[in-house]
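# Examining the three-dimensional arrangement
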Amino acid sequence: MSGLATNGYVHGYSADEARRLADQADTLAGLLHADTFFPPGSRVLEAGCGVGAQTAHLVARSPGARVVAVDVSEDSLAEARARVAGVEWHRADLFDLPFPDGSFDHVFVCFVPEHLKDPAGALARLRRVLRPGGTLTVIEGDHGSAFFHPDSAAARAAIGHLVELQAAAGGDGLIGRRLQPLLSGAGFADVVVRPRTVYVDATRPALVEGFPLNTFTAMVEGVRDDALSAGLTTPAAWDRAVADLRRTAGDGGTFHYTFFKAVAVKPEGPA
Ligand SMILES: C[S@@+](CC[C@H](N)C(=O)[O-])C[C@H]1O[C@@H](n2cnc3c(N)ncnc32)[C@H](O)[C@@H]1O
């Protein structure tokens, strides 16, 4: 692993990444949020809201809920404010949330624990601000669930490099499969984790552009410079991998990926 960056957020905060997050949220809204509903008047915290890509869907599906959203990035929050109305935004670190114990009925976190060195600690911090009986919803991917046709050793290697880069930065691109033990270990009860599979082929044209191209391949393309500077790959191998991933969205191509959505409850009793 020598030569790999050991800190920082692997996807960064570029305009391309902001666009990718919005495409991802919009493409996957039905799959990930069809059953996300918070009752009118309930207090909801979104931790790590980024540019507000998921926040827009939370607000649209639960228009009566009082949504508070936090992120460490001021630039992302500025974009989020411009994207979604009716939300209370705060710049805050989820490890040091500026809210009293039990402030929220529901907490929502999407694609954030995978980037943290201490995801269990993060979940415990989110539990603190939940009221007893309140729910935590967590959505994560798992890059080990990506398979596709035509298969490509170059593309599989590039996905492996993305996982390595994320691990070197302290994260875990394979976190989806760990959600249940992480939530149970962080003191949550009634943990229910269900896979949400995206499968795309030519019969689902609406998903072809949005998922294999604009979400997944764009994510892999986004770490090209990091993979090259870490000495993990060569320009030719990387470009071949990206071309092969793009081919899965072409004639006769298919693509499979699984997200994991967890809902867990803060038990009654001491925090
Ligand atoms: C992959 S983005 C996901 C954004 C959004 N949840 C979405 O799904 O579109 C991860 C976000 O987590 C934020 N983040 C990372 N560490 C954080 C922390 N300790 N506290 C709050 N936000 C954090 C980053 O700034 C970034 O906006």
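This text goes with the structure placed above it.
Residues numbered from 1 in each chain as written. Predicted model: local features only at pLDDT ≥ 70, side-chain atom pairs only at ≥ 80, totals over all residues. Heavy atoms only, no water.

One way to put it is that helix 1 (residues 15–33) packs onto helix 2 (residues 53–61) with a least axis distance of 8 Å and a crossing angle of 40 degrees. Crossing angle aside, the handedness with which helix 1 passes helix 2 is right-handed. Along the contact surface, helix 1 presents L21, A22, A25, D26, A29, G30 and H33, while helix 2 presents A53, Q54, H57, L58 and R61. Looking at the contact of helix 1 with helix 2, its residues break down into six nonpolar, four polar and two charged. (Axes fitted to C-alpha atoms, helices over the stretch in contact; angles between N-to-C directions. Helix = DSSP H or I, 4+ residues; strand = E, 2+ residues; numbered from the N terminus. Left-handed = near helix turned anticlockwise from the far one by under 90°. Contact = heavy atoms within 4.5 Å. Nonpolar A, V, L, I, M, F, W, Y, C, P; charged D, E, K, R; others polar.)

A word on helix 2. Along helix 2, the residues classified as buried are A53, Q54, T55, H57 and L58. Buried residues in helix 2 make contact with helix 1, strand 1 (43–47), strand 2 (66–71), helix 3 (74–83), strand 3 (88–91) and strand 4 (104–110). (Buried < 20%, exposed > 50% of the residue type's maximum accessible area, 1.4 Å probe, protein only.)

Bringing the pattern of salt bridges into the picture now. For the structure shown, the criterion picks out 13 salt bridges. Where R224 meets D239, a salt bridge forms, and the shortest distance between an N and an O atom there is 3.1 Å. Of the two residues, R224 is situated in helix 8 (residues 224–229) and D239 in helix 9 (residues 235–247); the sequence distance between them amounts to 15 residues. A residue is classified by how much of its surface remains accessible, and R224, at 25% relative accessible area, is partly exposed. A relative accessible area of 39% places D239 in the partly exposed class. Of the charged contacts, one joins R240 and D244 as a salt bridge, the two residues approaching to 3.2 Å between their closest N and O atoms. Of the two residues, R240 and D244 are both situated in helix 9; the distance of four residues between them amounts to about one turn of the helix. Classification of D244 as buried rests on a relative accessible area of 6%. Salt bridges sharing common partners tie together D35, R196 and K261. (Salt bridge = Lys/Arg side-chain N within 4 Å of Asp/Glu carboxyl O.)

Now for the nonpolar core. Counting residues in hydrophobic clusters, the biggest one holds 46 residues, and the most contacted among them are W89, F211, F216, V220, L245, F255 and F259. At seven residues, the largest contribution of residues to this core is made by helix 7 (residues 205–221). Setting aside anything within four residues of it in sequence, one finds F216 in contact with H143, A146, I159, F211, L245, F255 and Y257. The next biggest cluster of nonpolar side chains, apart from the first, holds 31 residues, and it includes V68, L97, V107 and V191. (Core = buried A, V, L, I, M, F, W, Y, C linked by side-chain atoms within 4.5 Å.)

All right, on to the side chain of E140 then. On the secondary structure map, E140 appears in strand 5 (residues 130–140). A polar contact of 3.3 Å, which involves the side chain of E140, links it to the backbone nitrogen of V112. A distance of 3.0 Å separates a polar atom in the side chain of E140 from the backbone nitrogen of E114. Not counting residues within four places of it along the chain, the set of residues in contact with E140 comprises F111, V112, P113, E114, I175, G176, L179, F259 and F260. (Polar contact = N/O pair within 3.5 Å; in protein donor to acceptor, adjacent residues only side chain to side chain.)

Here we take up the environment of V72. When you line up the elements, V72 lands in the loop between strand 2 and helix 3. Taking relative accessible area as the criterion, V72 reaches 42% and is therefore assigned partly exposed. Once residues lying within four places of it in the same chain are set aside, the contact partners of V72 are Y13, R91, A92 and D93.

Our next topic: unusual backbone geometry. Residue H149 is joined to P150 through a cis peptide bond whose omega torsion reads 0 degrees. For F111, which is not glycine, the phi dihedral falls at a positive 60 degrees. Of note in the backbone geometry, D190 takes a positive phi value of approximately 50 degrees without being a glycine. Mapped onto the secondary structure, D190 falls in strand 7 (residues 189–200).

In terms of residue burial, strand 1 counts as a mostly covered element, since four of its five residues are buried. Note: strand 1 against strand 2, five bridges, orientation parallel. Bridge pairing in strand 2 links V44 to V67. Handedness of the crossover joining strand 1 and strand 2 through helix 2 is recorded here as right-handed. As paired strands, strand 1 and strand 4 are joined by four bridges and run parallel to one another. (Pairing = 2+ DSSP bridges. Right-handed = clockwise from strand over helix to strand, strands pointing away.)

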